[in-house]
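# Examining the three-dimensional arrangement
Letter by letter, the chains look like this.
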Amino acid sequence: MTKRPAPGKKYAALLRGINVGGKKKVPMAELRSVLEELGHGDVRTYLQSGNAVFSSAVQDPAALARELEAAVEVRFGFPVKCLVVDGAYLRAVAEACPFPAAGLEGRQLHATFLSEQPRPERFAALDPAAYHPEDYRLGDRVLYLYAPGGLGTSELGAALHRPALLKGIDATTRNWNTVAKLVELTADEEA
């Protein structure tokens, strides 16, 4: 794999389904090494759940995601879906949040990042009133979920993640604390 100059735009890589229940183990130190070997700079990871921040001169997040998916599979021997988003997008997601994030605990609010924008019709059969007080809103390639009891017990969260509802779309969820931290870590994009 070719090395690229490190300076550039700040991105966050969101790896789906790693280090959960002892499956698909990806040590964060090794993930940092993979990103550095791909020629990216300013590499940092956050938590053990597959969040990495890096800078790259490449301007195509989808190409960066494909490259990272291929490198992770070579290094670890199993496929992992990755979404790569830039700092401006993360900031826009945080600013567009339809729920009062500042007044909620991080575990009560989640963002499910999507590889493409789903058509609203996909959600037409899902009656939010049936899940009250839980609620959701569709944003720009993101689903916002308010689950006062947390994601682990959220019936609406389970309904929103049914395979048929998001068929053909890669999705990965982060709690609001993680979203806020990723916004912070990618904030110096214009520097």
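This is a predicted model, so every value here is computed, not measured.

What follows deals with the nonpolar core. Core analysis: the largest hydrophobic core is formed by 24 residues, its most contacted members being L15, L31, F54 and L68. Listing elements by their share of this core, those giving two or more residues are β1 (9–15), α1 (28–37), β3 (51–56), α2 (61–76) and β4 (82–86). Per-element accounting of this core gives the leading share, six residues, to α2. Every residue in contact with L68, bar those within four places of it in the chain, is listed here: A13, L15, L31, V34, L35, L38 and C82. Counting residues in hydrophobic clusters, the runner-up holds 21 residues, among them L83, V85, L109 and Y144.

Moving on to the pairing of β4. Burial within β4 is extensive, with five of its five residues counted as buried. Burial along β4 is two-sided: C82, V84 and D86 and L83 and V85, pointing in opposite directions, are all buried. In terms of strand pairing, β1 meets β4 through five bridges, oriented antiparallel. Within β4, the residue paired with Y11 across the bridge is D86.

Attention now goes to the sheet that holds β3. Spatial strand order, β2-β3-β1-β4: four strands in an open sheet with antiparallel pairing. The two strands at the open ends of the sheet, each matched to only one other strand, are β2 (41–46) and β4. Averaged over all neighbouring strand pairs, the angle between strand axes comes to 20°, with direction disregarded. Contacts from helix α3 (residues 87–95) reach β1 and β4, with the element oriented near 85° to β4.

Our next topic: the sheet that holds strand β5 (residues 109–114). Spatial ordering of the open sheet is given by β6-β7-β5-β8, a layout of four strands whose pairing is antiparallel. Bordering the open sheet on either side are β6 (135–139) and β8 (171–175), each of which pairs with just one other strand. When the angles between neighbouring strand axes are averaged without regard to direction, this sheet yields 20°. As paired strands, β6 and strand β7 (residues 142–146) are joined by five bridges and run antiparallel to one another. Bridge assignment links Y136 to a residue of β7, and that residue is L145. The sheet contacts of α3 involve β5 and β7, and relative to β7 the element is tilted by about 35°. Together, β5, β7 and β8 form the strand contacts of helix α5 (residues 176–185), whose direction differs from that of β8 by roughly 95°.

Turning our eyes to something else, we now look at unusual backbone geometry. Cis peptide bonds are those with omega within 30 degrees of zero, and the linkage from H132 to P133 qualifies with 15°. Following the sequence through the fold, P133 ends up in the loop between β5 and β6. Here the phi dihedral of R141 falls at roughly 55°; this positive angle occurs in a residue that is not glycine. Residue placement: R141 occurs in the loop between β6 and β7.

Running from N to C, α1 and α2 cross one another at 125°; their axes reach a closest spacing of 10 Å. Of the possible angle classes, the one that applies to α1 and α2 is oblique. In this structure, α1 meets α2 at a crossing whose hand is right-handed. Of the residues in α2, those in contact with E30, L31, S33, V34, L35 and E37 of α1 are L68, A71, V72, R75 and F76. By residue class, the composition of the contact of α1 with α2 is seven nonpolar, one polar and three charged.

Scoring rules and cut-offs
- Residues numbered from 1 in each chain as written.
- Predicted model: local features only at pLDDT ≥ 70, side-chain atom pairs only at ≥ 80, totals over all residues.
- Heavy atoms only, no water.
- Core = buried A, V, L, I, M, F, W, Y, C linked by side-chain atoms within 4.5 Å.
- Buried < 20%, exposed > 50% of the residue type's maximum accessible area, 1.4 Å probe, protein only.
- Helix = DSSP H or I, 4+ residues; strand = E, 2+ residues; numbered from the N terminus.
- Contact = heavy atoms within 4.5 Å.
- Pairing = 2+ DSSP bridges.
- Axes fitted to C-alpha atoms, helices over the stretch in contact; angles between N-to-C directions.
- Parallel < 35°, antiparallel > 145°, perpendicular 65-115°, else oblique.
- Left-handed = near helix turned anticlockwise from the far one by under 90°.
- Nonpolar A, V, L, I, M, F, W, Y, C, P; charged D, E, K, R; others polar.

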